[in-house]
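# Summary of the model geometry
Chain by chain, the residues:
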Amino acid sequence: MTDQHSGTLEPYEVFRQEKEGGPMIHGGNVLAPDPELAVHYARELFARRSESTRLWVVRRADVHVLDDPDLLDPPLDRSFKKPGGYVMRDKLAAARGRAGTAKPGARAASHDTTGRRTGKTG
Amino acid sequence: MTDPLALDPVLPVRERSERPWNLDLPHDERFAHFEAHVTAGGKIEATDWMPDEYRTAVLRFVEMHGNSELMGVLPEREWIMRAPTLRRKLALTAKVQDEAGHALLLYRVAEDLGKSREAIIEDLLAGKTKFHNVFHYPTHSWGDIGIIAWLVDAAAIVAQQALRDSSYAPYARTMQKICWEESVHIMHGRDVVVTLVNGTAGQRDMVQEALNRWWGPLMQMHGPRSDRAKDRDLHWRIKAKTSEELRQEFLAIYVPRIRELGLVIPDPELRYDEAAGEWRYTEPDWDELRTVVTNHGPRSEARLEFRRLNRDETRWVRETILAGSPAVAA
Ligand SMILES: [Fe+2]
Ligand SMILES: [Fe+2]
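Reference entry: report on the structure contained in this document. Keep in mind it's a predicted model, so treat the numbers as computed, not measured.

## Things to note about the sheet that holds strand β1 (residues 10–17) of chain A
Residue and element names in this part refer to chain A. With antiparallel pairing, the three strands of this open sheet are ordered in space as β2-β1-β3. Single-partner strands in this sheet number two, and they are β2 (24–32) and β3 (54–59). The mean angle between the axes of side-by-side strands here comes to 25°, regardless of whether they run parallel or antiparallel. Here six bridges tie β1 to β3, and the two strands are oriented antiparallel to one another. What sits directly across from glutamate 13, in β3, is valine 58. Packed on one face of the sheet, helix α1 (residues 35–46) meets β1, β2 and β3 and runs near 120° to β2.

## Overview of the pairing of β1(A)
Residue and element names in this part refer to chain A. Note that β1 and β2 share eight bridges and pair antiparallel. Note on β2: the bridge partner recorded for glutamate 10 is alanine 32. Following β1, the chain reverses through six residues before pairing antiparallel with β2; glycine 21 in that reversal takes a positive phi of roughly 90°.

## What to know about the packing of aromatic side chains
On inspection of all chains with the given rule, the structure shows 14 aromatic pairs over all chains. Consider the rings of Tyr54(B) and Tyr168(B), whose centres lie 6.4 Å apart with planes at 65°: the pair is edge-to-face. You can see Tyr54(B) sitting in helix α2 (residues 52–77) and its partner Tyr168(B) sitting in the loop between α5 (142–163) and α6 (169–197), a full 114 residues away along the chain. Every member of this aromatic cluster is reached through a ring pair, and the members are Trp21(B), Phe31(B), Phe34(B), Trp49(B), Tyr54(B), Tyr168(B) and Trp236(B). The ring of Trp180(B) is capped by Arg49(A), whose NZ or CZ atom sits 5.9 Å from the centre of that ring. Here Arg257(B) stacks its cationic end above the ring of Tyr254(B), 5.4 Å away from the centre of that ring.

## A closer look at unusual backbone geometry
Trans peptide bonds make up the majority, and among non-glycine residues the majority have a negative phi. All names here are of chain A. A positive phi is found at serine 50, a non-glycine position, where the angle reads about 60°. Secondary-structure assignment places serine 50 in the loop between α1 and β3. Serine 50 gets classed as exposed once you look at its relative accessible area, which sits at 71%.

## A closer look at the side chain of His185(B)
Positionally, His185(B) belongs in helix α6. Side chain to side chain, His185(B) and Asp98(B) meet in a polar contact 2.8 Å long. With sequence-adjacent residues up to four places away left out, His185(B) is seen in contact with Arg49(A), Lys95(B), Asp98(B), Glu99(B), His102(B), Ala149(B) and Asp153(B).

## Thoughts on the coordination of the iron ion (ligand 1)
Residue and element names in this part refer to chain B. Here the iron ion (ligand 1) is held by the protein donor atoms Glu69 (OE), Glu99 (OE), His102 (ND1) and Glu182 (OE), which lie 1.9 to 2.2 Å from it. If you look at the iron ion (ligand 1), its four donor atoms make angles of 87 to 150° with each other, and the shape they trace is irregular. Counting gaps between the donor residues of the iron ion (ligand 1) yields the pattern E-x29-E-x2-H-x79-E. For the pair the iron ion (ligand 1) and the iron ion (ligand 2), the metal-to-metal distance amounts to 3.5 Å, and glutamate 99 bridges them. With glutamate 69 in helix α2 and glutamate 182 in helix α6, this pair connects stretches of sequence that are 113 residues apart. Accessibility assignment for this pair places glutamate 69 and glutamate 182 in one class, buried.

Definitions and limits used
Residues numbered from 1 in each chain as written. Chains lettered and ligands numbered in written order. Predicted model: local features only at pLDDT ≥ 70, side-chain atom pairs only at ≥ 80, totals over all residues. Heavy atoms only, no water. Pairing = 2+ DSSP bridges. Helix = DSSP H or I, 4+ residues; strand = E, 2+ residues; numbered from the N terminus. Axes fitted to C-alpha atoms, helices over the stretch in contact; angles between N-to-C directions. Contact = heavy atoms within 4.5 Å. Phe/Tyr/Trp six-rings, centres within 6.5 Å; stacked < 30°, edge-to-face > 60°. Lys NZ or Arg CZ within 6 Å of the ring centre and 35° of its normal. Buried < 20%, exposed > 50% of the residue type's maximum accessible area, 1.4 Å probe, protein only. Polar contact = N/O pair within 3.5 Å; in protein donor to acceptor, adjacent residues only side chain to side chain. Donors = N, O, S within 2.8 Å, 3.2 Å for Na, K, Ca; no water. Tetrahedral: all angles 85-135°; square planar, octahedral: opposite > 155°, others 65-115°.

Quick look at the structure:
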């Protein structure tokens, strides 16, 4: 045994992956005296039904949190950073009018959002 | 550096994810921000500031829920060794482990709100806190185990599904996982019941008698009708539905499924009132509910005593975990 037992229980956050290649999703947390037992508890609580392909078990104290809205959600209009921030349907129609061209078929491959019905702005 | 707020265009404050109750404001202002957020359907995290009223209410609710999961394994545990087949034994064992796991998950939520597991267990064993009425009764036959897993868990899942909308986000997330496991329990219980009704006359009677025994407690389980305006748990959106809404939902789904099997629900008043759009039933025995949940039920003391015994017997495990393992070190 390499870890010293500190004699106190600490929360460990558990992240689970549901299938290979998938994202790690927060599952919950366990209380344990050391990482080794935390992993065992996490296995019992979050992976005993073959519902996880991988677990990450992280000491809560080692999680660095950023939730400052001034940094994450600045009060400025940042719609130019999102695909939905560009609404050009009318401008495209005008351009087609000037060029005398037709609208391409709906199935034409597209990597932008001009073909979508709803583009959330903001 | 340019002040970002001096730049144009600036979004209105309302559209930002600011959590003003976390700011260093006078208590009343914080309280007002918090209350407005929660009553509008907003979520609260464990790291948020919260008024004592809210913290206490969530803690009390989650603790009672956790206690019920922990005590709820005892009636079923009594049947593991008596399960009729190996598959049933495995399924029942898995269910018991799930329920103990639910208690653990819920106690984690409660611990993050400030009450230690030690104190939670202490209060439960001292009779200071409660657990659900249905776990204060004895089990008489394998039929009871089918009815418990099917209908007690069904009545519970109706309430638990509504709790996935709880304003307290760690609780709501925990309920996602718990509901997923509960749905397996219900299938297990329903399968036990359907198997028995397809069996001999004796097996059929066994289920009917179990239903007769459990119907009363099931109808009491969600509690008496309450005044929506006075219910603090509803106000804080800790829970989303009243007891009567939950009972109606339970009846709407399960009365037809019980009758489908040819079982008779032991309430001559039970019927669906088309005009009112709700189920009518004999008023549940609320005195019995009060008697039972205050630990005066037929098995209350025995189940608590079993927990006390169990706690003493496993003390060495907890002590070993905290002290390190001398056996391994030696
Ligand atoms: Fe459960
Ligand atoms: Fe269950």
